Amino acid sequence: MAQLSDMATLIRSKNAGPFVLTFDIMFDGEAAYRKVVNSGAITAARFADLYGVPANLVKVFFHDRARAIKVTMPRRVSSGAPADTDVYGCQQHGPICNLEIPDA
Amino acid sequence: MIRYIAATGSLGYGFLESTLETAMAAGPAFIGCDAGSNDHGPNDLGAGIPHLSVASAARDLRLLLRASRRAGIPLIIGSAGGSGADVHVRWTLNILKDIASRENLSFRLAVIHAEVSKEWVRKAAEKGRIRPLNPWWPQLGNEVIADTTCIVGQMGAEPFMQALRQGADVIIAGRATDTAIYCSYPLLHGAAPALAWHSAKIVECGAALTVHRIVPDSVMAEIGADSFRVWSPNPEMRVTPQSVMAHTLYENGDPFFLVEPGGVLDTSESVYTASPAGGVEVRGTRFVPQPYTVKLEGAKHAGFRSIMLAGMRDPVLLADLEGFLASTEKRARGKIESVIGSGPAYQLKFRVYGYNGTLDDREPQRGPFSGYEVGLVIDAVAATQELANTVLSIARLTVLHNPVPRSHGFTTNVAFPFAPSDITVGAVYEWTLNHVVALDDPLEIFPVRYYDVRAGDLVPREN
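Owing to the predicted nature of the structure, the values given are computational and were not obtained by experimental measurement.

The subject of this paragraph is the overall build of chain B. A count of helical and extended segments in chain B gives 13 helices and 20 strands. With respect to the principal axes defined by its C-alpha atoms, chain B has extents near 80 × 50 × 50 Å. Out of the 463 residues belonging to chain B, those deemed buried represent 57%. Taking the contacts inside chain B whose residues are at least 6 apart along the sequence as the reference set, 77% of them involve residues at least 24 apart. Accessible area of chain B: about 18,900 Å², with a carbon and sulfur share of 52%. Across chain B, the mean location of the 41 positive side-chain charges is 2 Å away from that of the 48 negative side-chain charges.

The structure is reproduced here in structure tokens:
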């Protein structure tokens, strides 16, 4: 069992426009990428639960060529609205870094 | 073969003069520079303010203008002033005029506007030409349009191409898709759309595509017959196939398909390889033409804000931080209502850094607090500044002396770093439009105006 941040070379979140949040998880090696993909730890349901959005609006992409995983979801509050806490959406990935990746 | 420079991620973020020199020596056909973003939130568009200083923008614009005029190549600036509304375009033109006057420069200028009237948007919505960008977002109603302070469209490549066709030496454009700034010249000169758009997407943040972006800087692209190459003229920073692929993903909801005004860029079969000439070569990208649409952006006024910042270091308070905050908020709301009545709506938010400041109620690690200090921001938003100030001052007094069960006697609970403690932030805005509009003519809402710049004077031209 390892945490995602131990296996990925880059984990980031950012706005994809003012209403959408996107997470990039990138890997240097094929082995680490495959291990995370095959672990089944990265799912729409998992992200929906963490961020409080409906699972059917969470999209998970596996980009084999780039050895990258992308997860995209609606922002709960649009960027810079009165109740927002992260205008750039760039510090929302903290909980993802701590995701436990089970040995497949 | 078309070479070009992407000067920096946003005009005013800066680049090294030595990098620009190296890039200019490589024989670029034009210099492009994005000047805007919606990253900073809706205030810049709503309030009509630039997102950085005149001095920062002027420094970059002066160096780029000088270099482009000396080489006789076009300088293309898009999303002027940050949000690209008319007020932002004027702000940029004032800086340009000042530079032209000081440097005694004369050139042909094209100015492209991107602000759209609410009346035009209302009519377009009635005709069914506007739809939400994301399927979960509602259709655009008249009420939202009426509430919106300012609306801009994100222009595609065609208005830039029109200006270049008319011989513009310098283009100052309002809101544009970042990519249009860099792909318009290549498209006009016969580059394959897939290569023009994809290279533009990769360079639009300047040196952000490098492995370690040490400083904001210029990058270069070269479009050939069936591939393009990107590289960093600054030897301190390098690009790799992985860093270029990573940047294709950046700020996009979908890693394979990028929607542009006249089509979709399909990068699912793109191949990225290290080039013997330096940098990274990309091939295999496709561009699939689609009906022409552009994105609309709009912001509405959402009240006025006041905040205060304080530190909490008392272990007794921190031992039951959640209980303290809950009782403080309850008492504060009671007092606020006794002063302003139950009518006026307001936001009172305790943002506690070190606890839930960044993730709010989605912080998975919140629970019993462990740590020795937190930073407290009390955030009040209400319909008027006076009301926001009132809400904040009551909340501030409440947090200052709210008793905790374990303490006996009068306590003062938070450390203010500043006097006065309360900060008037001013107007708050909120994004309203998240829609695309279908255009029959890509220039329909993006009029191009031509001028002769003679030192500091702008003399209008017919074309």
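Past the structure itself, the notes keep going.
Quick look at the sheet that holds strand β11 (residues 263-266) of chain B now. Each strand in a sheet pairs with another by means of backbone hydrogen bonds, the pair being arranged parallel or else antiparallel. Residue and element names in this part refer to chain B. Taken together, three strands build an open sheet; the order of strands is β10-β11-β14 and the sheet is antiparallel. In this open sheet, the two strands that pair with only one neighbour each are β10 (257-260) and β14 (286-289). Ignoring strand direction, the axes of neighbouring strands in this sheet form an average angle of 25°. As judged from the four bridges shared by β10 and β11, these two strands associate in the antiparallel manner. Following the sheet pairing, Glu 260 is matched in β11 by Gly 263.

All right, on to the packing of aromatic side chains then. All names here are of chain B. Within the structure shown, the criterion is met by 10 aromatic pairs over all chains. In textbook terms, an aromatic cluster arises when at least three aromatic residues are bridged by ring pairs, as seen for Tyr 4, Phe 30, Tyr 182 and Tyr 185. The aromatic ring of Phe 15 is capped on one face by Arg 59, whose charged end is 4.9 Å from the ring centroid. Above the ring of Trp 231, the side-chain terminus of Arg 229 is found at 3.9 Å from the ring centroid.

As a further point, take the pattern of salt bridges. The full count for this structure, using the stated rule, is 34 salt bridges over all chains. One salt bridge connects A:Arg67 with A:Glu30, and the closest N-O pair in it is separated by 3.8 Å. Here the residue A:Arg67 occupies a position in the loop between β4 (59-63) and β5 (68-74), and A:Glu30 occupies one in helix α2 (residues 30-39), the gap between them amounting to 37 residues. Using a relative accessible area of 24% as the deciding quantity, one classes A:Arg67 as partly exposed. For B:Arg305, the salt bridge goes to B:Asp379, with nearest N and O atoms at 2.8 Å. Note that B:Arg305 is positioned in strand β15 (residues 293-312) and B:Asp379 in strand β17 (residues 374-382), a separation of 74 residues in sequence.

Residues and elements named next belong to chain B. Here Pro 186 lies in helix α8 (residues 178-188). Since its relative accessible area comes to 0%, Pro 186 is described here as buried. Non-local contacts of Pro 186, meaning those with residues more than four positions away in its chain, are made with Ile 2, Tyr 4, Phe 30, Ala 191, Ala 196 and Ile 223.

Residues and elements named next belong to chain B. Nonpolar side chains collect at one region of the surface, where Leu 309, Phe 418, Ile 423 and Val 425 lie side by side and expose about 320 Å² of accessible area between them. Of note, Ile 423 is situated in strand β18 (residues 422-438). Here Ile 423 falls in the partly exposed class, since its relative accessible area comes to 32%.

Let us now look at unusual backbone geometry. Along the chain, B:Ala419 connects to B:Pro420 via a cis peptide bond; the corresponding omega equals 0°. The residue B:Pro420 is located in the loop between α13 (385-401) and β18 in this model. The residue A:Arg67 is not glycine, and still its phi comes out positive at about 45°. Residue B:Glu251 is not a glycine yet carries a positive backbone phi of 60°. Counting through the fold element by element, B:Glu251 comes out in the loop between α10 (241-249) and β10.

Bringing the interface of chain A and chain B into the picture now. Facing 41 residues of chain A, the contacting portion of chain B comprises 45 residues. Carbon and sulfur atoms make up 58% of the area that chain A and chain B hide from each other, which totals about 3,600 Å². Its largest share of buried area at the contact with chain B, chain A owes to A:Phe19, A:Arg65 and A:Pro82, together 20% of the area lost on that side. On the surface where chain A and chain B come into contact, there are four salt bridges. Here B:Glu251 ties to A:Lys14 by a salt bridge, and the two come within 2.5 Å at their closest N and O atoms. Seen at the junction of chain A and chain B, the total is 23 residue pairs in polar contact (both at pLDDT 80 or more). Here the residues of the side of chain A that touches chain B are counted per class, giving 20 nonpolar, 12 polar and nine charged.

A separate point is the packing of helix α1 (residues 17-25) of chain B against helix α3 (residues 54-71) of chain B. All names here are of chain B. Put simply, α1 and α3 touch, their axes get as near as 12 Å, and they point 20° apart. When the interaxial angle is binned, α1 and α3 end up roughly parallel. Regarding α1 and α3, the two cross each other, and that crossing is right-handed. Contacts from Glu 17, Leu 20 and Met 24 in α1 reach Arg 59, Leu 63, Leu 64, Ala 67 and Ala 71 in α3.

On to the sheet that holds strand β7 (residues 170-173) of chain B. All names here are of chain B. Across the sheet, which stays open at both edges, the 11 strands sit in the order β12-β13-β9-β8-β1-β2-β3-β7-β4-β19-β20 with mixed pairing between neighbours. Only two strands of the sheet have a single partner each, and these edge strands are β12 (271-274) and β20 (457-461). With direction set aside, neighbouring strand axes in the sheet form an average angle of 25°. Bridge count between strand β1 (residues 2-6) and strand β8 (residues 219-223): five bridges; the pairing is antiparallel. What sits directly across from Ala 6, in β8, is Val 219.

Residue and element names in this part refer to chain B. Interhelical geometry of helix α9 (residues 193-203) versus α10 gives an angle of 95° and a closest axis separation of 8 Å. Relative to α10, the element α9 lies roughly perpendicular. Where α9 approaches α10, its residues His 198, Lys 201 and Ile 202 are matched on the opposing element by Val 244, His 247 and Thr 248. The residue makeup of the contact of α9 with α10, split by class, is two nonpolar, three polar and one charged.

All names here are of chain B. In terms of domain boundaries, chain B breaks down into domain 1 (2-114 + 154-292 + 439-461) and domain 2 (301-432). The straight-line distance from the C-alpha centre of domain 1 to that of domain 2 is 43 Å. Facing the seven residues of domain 1 at the interface are five residues of domain 2. Taken together, both faces of the contact between domain 1 and domain 2 bury some 500 Å²; the carbon and sulfur share is 71%. Here domain 1 and domain 2 share zero salt bridges between them. Taken together, the residues of the side of domain 1 that touches domain 2 sort by class into three nonpolar, four polar and no charged.

Conventions adopted
Residues numbered from 1 in each chain as written. Chains lettered and ligands numbered in written order. Predicted model: local features only at pLDDT ≥ 70, side-chain atom pairs only at ≥ 80, totals over all residues. Heavy atoms only, no water. Helix = DSSP H or I, 4+ residues; strand = E, 2+ residues; numbered from the N terminus. Buried < 20%, exposed > 50% of the residue type's maximum accessible area, 1.4 Å probe, protein only. Contact = heavy atoms within 4.5 Å. Areas by Shrake-Rupley, 256 points an atom, 1.4 Å probe, with all protein chains shown as cover. Lys, Arg positive; Asp, Glu negative; His and termini not counted. Charge placed at Lys NZ, Arg CZ, Asp CG, Glu CD. Pairing = 2+ DSSP bridges. Axes fitted to C-alpha atoms, helices over the stretch in contact; angles between N-to-C directions. Phe/Tyr/Trp six-rings, centres within 6.5 Å; stacked < 30°, edge-to-face > 60°. Lys NZ or Arg CZ within 6 Å of the ring centre and 35° of its normal. Salt bridge = Lys/Arg side-chain N within 4 Å of Asp/Glu carboxyl O. Patch = residues over 30% accessible without salt bridge, like charges linked within 9 Å, V, L, I, M, F, W, Y side chains within 5 Å. Buried area = accessible area lost by both parts, 1.4 Å probe. Polar contact = N/O pair within 3.5 Å; in protein donor to acceptor, adjacent residues only side chain to side chain. Nonpolar A, V, L, I, M, F, W, Y, C, P; charged D, E, K, R; others polar. Parallel < 35°, antiparallel > 145°, perpendicular 65-115°, else oblique. Left-handed = near helix turned anticlockwise from the far one by under 90°. Domains from an automatic or database assignment.

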